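If you want the building blocks of each chain, they are given just below.
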Amino acid sequence: MALLEGRDLTSIFDFSDREIEAVFDLADEMSKHTRGRLGLADGKIMSTLFYEPSTRTRLSFESAMLRLGGEVISVADTTVTSVKKGETIADTVRIIESYADIIVIRNPLEGSARVAADYASIPVINAGDGPHEHPTQTLLDLYTIRREKGKLRDVNVALVGDLRFGRTVHSLAFGLARFGAKVTCVAPRGLEMPAHLLARLDKEFGCRPAQYQSLAEIVTNAEVVKRRPGRQRALASEVLTLFDAVYVTRVQKERFESEEAYRAATGSYAITEEMIRRARPDALVMHPLPRVDELAYGIDRDPRAVYFRQAAYGVPVRMALASALLGLRAVRIGKARKGEYKPKPRREVDFRKFSNVRCSNGHCVTNHETYLAPQFNFVDYAPGAIACAYCEHEMPMPAGVPSE
Ligand code: NCD
C-alpha cells in the first residue's frame, strides 16, 4: 500500500512496470463502480489546475474523484486566477496544497508538472506538460490494450500522426517499449518522433521503431507485399491487417509557431471505412481524442474502433490512480520480472548544476519560471551530451563549464 501512497506521477518513468500493472488490477476492480459513489475518498479533495484546454482529462479525473466519494475544486481557466497576475507554479501549488489532498496539473510548459511536484507536499499528477509527457493518458492507453486484447506484453503497435508535438505518443512509446511491444512510427515529414526519444527507446529498452511518412508507404514496404509475391504495391487500406493496434493522433496545431507552419506540416493519414472493412478481426483503432479529420465518422460503430471505450477507461484508471496515491486502497505489486524498468528515487539521481547554462528548449519551464536553477543529467547513451532534468531535451555539454 505504502508503495504508491504519497507518490507523484509526473512521467511514465515514475512508476515501475509492476506498479503500472498493480494500478491496472485496481482499475479492473474500479470498473465495477463507475456509476454511483463509493465511500472510499470521504473527506478527500482533488484540485484540478488546468492552464490549457481539456475535456476528457479534466472531467474524467473529476468524475473519478466524485465516484470514489471525494470532492473536487477545479481551475479550468487560469486567466481568472492569480496566474493572470503573474503567480508562479511553485507559489500556486503551495497555496493549493493547503486546500486539497492531491493536485492534477496541465500546463503548456515542458517540465512544469515536475516543478509542481517538487514544490507541493501532496501528490501531483501530470495531466500534460506541453509536448513533453501525458503519463495518465498512457496508463489508460495501455489499459485499453490490456482490456481489449487480454494482454499487454509483446503487442505490435503503429503510432500515427504528429509524433513530434504529441505528448501522448511520447509517454506511450516508452510505456509500450517497457512491455516488449514492437513499435512502428508513421509521421508526416517534419512531425517525426524526436531523435532524443528514439535514442533513448533504443539504448534503454532495445526498441527501434521502423519509420514511415505515410500509411501507403508502410503497407508497400511491409509484409503485405512480402506475403503476396508478384505484388509490387499494396493498398494503404490494408494497414489494419498489420498491427494489433493503430494509435492515431491529430496534428497539434497549438504547438506551431504560425498557421503557415501548421498547414505545411499536415499529412494525410486518415483511417477510412475501406481500411476498417479490410482490417484484421482483432485490430484496434485507438486515438486519445479529440480528432480533427484522422478518423472517418463512418468507422465509429465498428467494434474495432475503440477510442470512445478508451476514453471511458479513463475513469476507472484514474479512480485507481487517485486512490493508490491517496493511500485509500492497497495495491498488490506482483513478482519482479527480469530486466523490468524500476524508477530511481529522485534523491539518488545525480543531477548536475552548471553555472550559467540554460536549457536550450524555449518551452522548458526553467526558461519561464526564473526562480528555478537549471539542472542537467549526463546522458548515458549519448556521451558528451547533457539532458535537462525538467524537460529532458538534450544539448551538447558546454565546453569548459565546471559542474558544481
Ligand atoms: C490529448 C492531449 O491533450 O494531449 N488529449 C487528451 O488528453 N485525451 C491529445 C490531443 O489533444 O491531441
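Every chain is numbered on its own, with residues counted from 1 as its sequence reads. At least 70 in pLDDT is required for a residue's local features to be given in this predicted model, at least 80 for side-chain atom pairs to be given and counted, and no such filter applies to totals for whole chains, interfaces and linings, which use all residues. Excluding hydrogens and water, the side-chain values take into account all heavy atoms of the structure.

Moving on, we get to the pattern of salt bridges. Basic side-chain nitrogens of Lys or Arg form a salt bridge, by our definition, when they fall within 4 Å of a carboxyl oxygen of Asp or Glu. Going through the model one piece at a time under the given rule, you end up with 28 salt bridges. Among the salt bridges present, the one from E148 reaches R309, with a minimum N-O distance of 2.9 Å. Here the residue E148 occupies a position in helix α5 (residues 135–149), and R309 occupies one in helix α12 (residues 307–325), the gap between them amounting to 161 residues. Each member of the salt-bridge network shares a partner with another, and the members are K149, D244, R280 and D282. Secondary structure elements are defined from DSSP: runs of H or I of at least 4 residues count as helices, runs of E of at least 2 residues count as strands, and each element is numbered from the N terminus.

Two numbers describe how helix α2 (residues 56–67) lies on α12: the axes approach to 8 Å, and their chain directions differ by 45 degrees. When the interaxial angle is binned, α2 and α12 end up oblique. Seen along the crossing, α2 lies across α12 with a hand that is right-handed. Each of R56, T57, S60, F61, S63, A64 and R67 in α2 lies in contact with α12, whose residues at this interface are A311, G314, V315, R318 and M319. Residues of the contact of α2 with α12, tallied by class, amount to five nonpolar, four polar and three charged. Here the axes come from fitting lines to C-alpha atoms, over the contacting stretch only for helices, and the angles between their N-to-C directions go from 0 to 180 degrees. Our angle categories are set so that under 35 degrees counts as roughly parallel, over 145 as roughly antiparallel, 65 to 115 as roughly perpendicular, and the remainder as oblique. For any pair of crossing helices, the crossing counts as left-handed if the nearer helix is rotated counterclockwise from the farther one by less than a right angle, and right-handed if it is rotated clockwise. Contact between two residues is taken to exist if any of their heavy atoms lie within 4.5 Å; hydrogens are not considered. Residues are sorted three ways: Asp, Glu, Lys and Arg are charged, Ala, Val, Leu, Ile, Met, Phe, Trp, Tyr, Cys and Pro are nonpolar, and all the rest, Gly among them, are polar.

Of note, I45 is situated in strand β1 (residues 45–50). Only protein chains enter the calculation, and the probe is 1.4 Å; a residue is then buried if its accessible area is under 20% of its type maximum, exposed if over 50%, and partly exposed in between. Classification of I45 as partly exposed rests on a relative accessible area of 25%. A sequence separation of 23 residues divides I45 from L68, and the C-alpha atoms of the two residues are 11 Å apart. Leave out the neighbours within four places in its chain, and I45 touches M65, E71, I73, Y99, A100, D101 and I102.

Taken together, R56, T57, R106, H134, Q137, R167, T168, R250, Q252, P288, L289 and P290 make up the full set of residues adjacent to the ligand. A 3.5 Å cut-off defines polar contacts: any pair of N or O atoms within that distance qualifies, except that in protein one atom must be a possible hydrogen donor and the other a possible acceptor, and neighbouring residues in sequence count only when both atoms are side-chain atoms. Here an oxygen atom of the ligand sits 2.9 Å away from a polar atom, N or O, in the side chain of T57. In this structure, an oxygen atom belonging to the ligand sits 2.7 Å away from a side-chain N or O atom of R167. Coverage of the ligand by the protein amounts to 94% of the 320 Å² it exposes when considered alone. Note on definitions: the grid is 1 Å and covers protein atoms alone; a cavity is a set of points where a 1.4 Å probe fits but cannot get out; a pocket is an open set with protein on both sides within 12 Å along at least five of seven lines; lining residues have an atom within 4 Å of a point. To qualify as sitting in a cavity or pocket, a molecule needs more than half of its atoms within 2 Å of the grid points. Most atoms of the ligand, that is more than half of them, are within 2 Å of grid points of the second largest pocket. Every element with two or more residues in the shell around the ligand is listed here: α2 and α6 (167–178). Its residues assigned to classes, the shell around the ligand shows three nonpolar, five polar and four charged. For this description, a residue counts as near a given molecule or strand if any of its non-hydrogen atoms is within 4 Å of it. Using a 1.4 Å probe, the Shrake-Rupley method yields the accessible areas, and only the shown protein chains count as cover for residues.

This brings us to the layout of surface pockets. Grid points are joined across faces, edges and corners, and a volume is the space filled by probe spheres set on the points. Here the second largest pocket is characterised by a volume of approximately 920 Å³. For the second largest pocket, the lining is made up of 42 residues, of which P131, F165, R167, Q252 and R255 are closest to its centre. When contributions to the lining of the second largest pocket are tallied by element, the ones reaching two or more residues are α2, α6 and α7 (195–205). A total of five residues in the lining of the second largest pocket trace back to one element, the largest contributor, which is α6.

Turning to the sheet that holds strand β9 (residues 284–286), a few remarks are in order. One bridge is not enough; two strands pair if DSSP finds at least two bridges between them. With respect to topology, five strands assemble into an open sheet ordered β7-β6-β5-β8-β9, the strand pairing being parallel. Every interior strand has two partners, whereas the edge strands, β7 (210–212) and β9, have only one. Strand-to-strand, the axes of this sheet are offset by a mean angle of 20 degrees, without reference to chain direction. Here three bridges tie strand β8 (residues 245–248) to β9, and the two strands are oriented parallel to one another. By the bridge assignment for β9, V246 is matched with V285. Sheet strands in contact with α5 are β5 (156–160), β8 and β9, and its direction is about 165 degrees off that of β9. Against the sheet, α6 touches β5, β6 (182–186) and β8, its axis set at about 165 degrees to β5.

Turning to the packing of aromatic side chains, a few remarks are in order. Pairing of aromatic side chains requires ring centres within 6.5 Å, counting the rings of Phe and Tyr and the six-membered ring of Trp. Pairs whose planes differ by under 30 degrees are stacked, by over 60 edge-to-face, and all others tilted. Summed over all chains, the structure comprises eleven aromatic pairs. Put simply, the rings of F13, F174, F205 and Y341 touch in pairs and so form one group of aromatic residues. The ring of F174 carries R200 above its face, with NZ or CZ at 5.7 Å from the centroid. We count a charge as sitting over a ring when the NZ of a lysine or the CZ of an arginine lies within 6 Å of the ring centre and within 35 degrees of the ring normal. In this arrangement the basic side chain of R291 is found over the ring face of Y297, its NZ or CZ atom lying 3.6 Å from the centre.

Before going further, it helps to examine helix α1 (residues 17–30). Residues spaced three or four apart along an α-helix face the same direction, because each turn holds 3.6 residues. Taking 1.5 Å as the rise per residue, α1 with 14 residues should run 20 Å; its terminal C-alpha atoms sit 20 Å apart, in good agreement. Of all 14 residues making up α1, eleven are buried, and the element is well covered by its neighbours. Buried residues of α1: D17, R18, E19, I20, E21, A22, V23, F24, L26, A27 and M30, and no others. In the core, the buried residues of α1 are packed alongside α5, α6 and α12. What a helix should span is 1.5 Å times the count of its residues minus one.

Read these as spatial facts, not as claims about activity.
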